[in-house]
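Residue strings, one per chain:
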Amino acid sequence: MQLIISFIILMLCAVPAFAIDGQQLLKQIDRNLNPESFESYRKLINIEPDGTRKEFTLYSVKKGTDKVASLFLAPASDKGRTTLRLGDNMWLYIPNVGKPVRITSLQSVVGGVFNNADILQLDYDAEYTVEKVEEKGNDYLLHLKAKTKSVAYDRIRLWADRGKKLPNKIECLTEAGMLIKTIYFKDIKDFGGIVRPATVETDSPLYKGYRSVMLYAKLKKRTFKDEVFTLNGMVMLDSLR
Amino acid sequence: MPRLALICVLLFVAVSASAEEFSFDEAELDKKWYHLGGYAEARPALNLLDKDAAQTRLRYYDKNTDDVLPDFNGKLLLEWSLEKEWAKLFVQPSLDYTNSRLNKDLKLSWYEVWFQVKPDDSFKALLGKKSLRWGKGYAWNPVAFFDRLKNPDEPELSLEGFWLATADYVRSFDSPLKTIAVTPLILPQNHSLNDDFGSGDRINWGGKLYLLLYDTDIDLLVRGKGSRDAAYGLDFSRNLTTNFELHGELAWELNAERPVINSAGQQTVAGGDAVSWLLGLRYLTEQDATWILEYYRNGNGYTRQEMDVYYQNVDQAWATWQQTGTSSQLQRLGQNQSYSRPATMQDYLYLRISQKEPWDILYFTPALTSITNLRDGSFSASPELAYTGITNLELRLKGTALVGSRRSEYGEKPNDARIELRVRWYF
């Protein structure tokens, strides 16, 4: 009897130790992927089925969970374009147009498989609730559900390395469970203490044969004033470089 | 053994190819303290003239014209900047070339020339020539109190600015009011500076207060009485869902005036306080088509009756020219540009539908744009095909049909139709 009671007490203690707090895990994945406030350069490559490529270079800054802005540096036809995201609000500034206009997260300012929400990605924890965590071999599989209707993808399945707590693969789904795109995280690199994938690839059943790739460079922690993430600040983003 | 060697070679080639598949040269990211860029553009076009239209008669009454009139337009827009820490100098000249059977012209305009200091991320000040582009509307901006009139057929083109001094102070908060920004400005006007802004050798003042309140962009705008009369405005823009944006503008101009030709052929002035407004939306469908729809009420626009009197005057002037060879009436009417400017009447509807990358053709965007004058039922319809798949090259083929009865706005435009190829190369 004593043995049974001891076993029950042991089990009660052990269960909380092994239970995974999904939201906490997602927060940790977010932090491993990016510091809370940072700057980075990205090259975005759209690859067509015949191998034709088009490349874009962006300078990006992020602060906290809901502020991110990007400036196009190349090609010349897109140079000076700036995108700003403040929570669910997104704007695009085109130098010729001369003023920021509101855009939607599902649009794509560059064409190809990446849309605006992918380019101006916030913390997953800010936009998604973890419904379930499964252990799949060396990976955790997190089932995420959008917190609001204004999020680009209603559901996400996120595979993360159990040891590194970094994503390997993300599947983006509609509310009905239809796969919109798959994002692959590759090429883990040390950016001065921030160890994360340097290559992010995506394909989509909606764009058969097309691929988009995002390469990271010069990613580093940096703090910014909130005023950088305003309509007045977004047209001055180049001055931060 | 040869088979093994072949496998080794193939493996080496495959590994090399994958290693070099994507590269990111960090040296290309270094910021330079100067920048020179811009674009060169060629726009050959064919115009199908409406020889009986009022605007054709006013422009070409003394010229022999064919029904089909080709023209060629070229543009070189340069952007040159110097930037060092908190200071920036920016110059944007535009060289425009026009060549048609009727005229040839080369014109240099300085669109923007300004010097800006930004001692802090919250504050910047600017002195020089600048286009402010106030307002949230896509095709029209009734609250753009200090800008030149935008062409709704090409709303995304750069505009020539005015000489002014302005500053921006912005603050952010962690509350429903996320941002507040104050933008005062001064715009001097005399015979040599901003001479087309108005008259009276005055120092004009104005400003804008911007709020991001409950996820809604709101601007309160003012133009003080000076070379033009005072004006007050409000605009807003908000995303209602991830694929639906709503925007609007409201402008109240005191003592707004417009030149009116009376039935005796004399120019008089009509006007009074004018309220203009615009309500628009931007909607993205599940099929990736973007709809932009705007209704515009021009409070200082011509009435149907005023336009009828104007067209009667043109008919009489044309009859006089044909009977006597006297062109003074036609010349006088032709000098009055306000009857031929965009959105010259009172009620308009703008619709643009653009489909992103149909049939999986990347960077290909077909679009259809229509502007309808709701007062007389005339309209323009412009289908276009745009392709941006070649780096730094933008190709656009655009056709426009102008449809309307006699004595309607689009029925009296010089063209019945126009087709234009635009080739733009960025550098």
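Counting from 1, residues in each chain are numbered in the order their sequence is written. Each chain takes a letter, starting from A, and each ligand takes a number, starting from 1, following the order in which they are written. Reporting in this predicted model follows two pLDDT cut-offs: at least 70 for local features of residues, and 80 or more for side-chain atom pairs to be given and counted; totals over whole chains, interfaces and linings ignore these cut-offs and use all residues.

A. Focus on the pairing of strand S2 (residues 53-63) of chain A. All names here are of chain A. Counting other C-beta atoms within 10 Å of each residue's C-beta, where C-beta atoms are placed from the backbone, gives the exposure class: buried for 20 or more, exposed for 12 or fewer, partly exposed between. Under the scheme used here, helices are H or I runs from DSSP no shorter than 4 residues and strands are E runs no shorter than 2 residues, and both carry numbers assigned from the N terminus. Counting buried positions along S2 gives eight out of eleven residues, so the element sits mostly inside the fold. Of the pairings in the sheet, the one linking strand S1 (residues 38-47) to S2 comprises ten bridges and is antiparallel in character. The residue bridging Arg42 from the neighbouring strand is Leu58, located in S2. Hairpin connection, S1 to S2: the antiparallel pair is bridged by five residues, and Gly51 has positive phi, about 95 degrees. As judged from the seven bridges shared by S2 and strand S3 (residues 67-74), these two strands associate in the antiparallel manner. Of the residues in S3, the one forming a bridge with Leu58 is Phe72. Here, any two strands with at least 2 DSSP bridges between them count as paired.

B. Molecular detail of the pairing of strand S4 (residues 82-86) of chain A. All names here are of chain A. For S4, the tally of buried residues reaches five of five residues, placing the bulk of the element in the interior. Neither face of S4 is left uncovered, since the one carrying Thr82, Leu84 and Leu86 and the one carrying Thr83 and Arg85 both have all their residues buried. As defined by bridge partners, S3 adjoins S4 across five bridges and the pair is classed as antiparallel. Looking at S4, one finds that Ala69 is bridged to Leu84. Strand direction decides the pairing type here: S4 and strand S5 (residues 89-93), joined by five bridges, are antiparallel. By the bridge assignment, Leu86 is partnered in S5 with Asn89.

C. A look at the interface of chain B and chain A. Opposite the 42 residues of chain B that make contact, chain A presents 45 residues. The set of elements that each furnish at least two residues to the side of chain B that touches chain A consists of strand S6 (162-172), strand S7 (177-188) and strand S10 (231-241) of chain B. Looking at the side of chain B that touches chain A, the element that brings in the most residues is S6(B), giving four residues. Each residue gets a C-beta atom placed from its backbone, and two residues are in contact if those atoms lie within 7 Å.

D. Representation of the nonpolar core within the structure. Residue and element names in this part refer to chain A. In these notes, a nonpolar core means any group of buried Ala, Val, Leu, Ile, Met, Phe, Trp, Tyr and Cys residues linked to one another through C-beta atoms within 7 Å. Residues Ala69 and Met234 are the most contacted members of the largest nonpolar core, which totals 53 residues. In terms of residue count, S3 provides more of this core than any other element does, five residues in total. Not counting residues within four places of it along the chain, the set of residues in contact with Ala69 comprises Ser60, Val61, Thr82, Thr83, Leu84, Val228, Phe229, Met234 and Leu237.

E. Quick peek at the packing of helix H3 (residues 304-324) of chain B against helix H4 (residues 328-335) of chain B. Residue and element names in this part refer to chain B. Every axis in this analysis is a line fitted to C-alpha atoms, fitted for helices over the stretch in contact. Angles between the N-to-C directions lie between 0 and 180 degrees. One can describe the packing of H3 onto H4 by two numbers: an axis separation of 8 Å at closest approach and a directional angle of 145 degrees. Across the interface between the two elements, Asn313, Val314, Ala317, Trp318, Thr320 and Trp321 of H3 pack against Gln329, Leu330 and Leu333 of H4. Side-chain classes follow a simple rule in which Ala, Val, Leu, Ile, Met, Phe, Trp, Tyr, Cys and Pro form the nonpolar group, Asp, Glu, Lys and Arg form the charged group, and the remainder, Gly included, forms the polar group. In terms of residue class, the contact of H3 with H4 is built from six nonpolar, three polar and no charged.

F. How the structure looks around the confidence of the model for chain B. All names here are of chain B. Per-residue confidence for chain B gives a mean pLDDT of 91, with 95% of residues at or over 70. Within a predicted model, pLDDT stands for the predictor's per-residue confidence, ranging from 0 to 100. In the model of chain B, helix H1 (residues 2-19) stands out as the element of lowest mean pLDDT, 48, in contrast to strand S9 (residues 216-223), which has the highest, 98. pLDDT under 50 marks residues 10-20. Its contacts with residues more than four places away, or in other chains, come to zero contacts. With pTM at 0.87, the complex prediction returns an ipTM value of 0.85.

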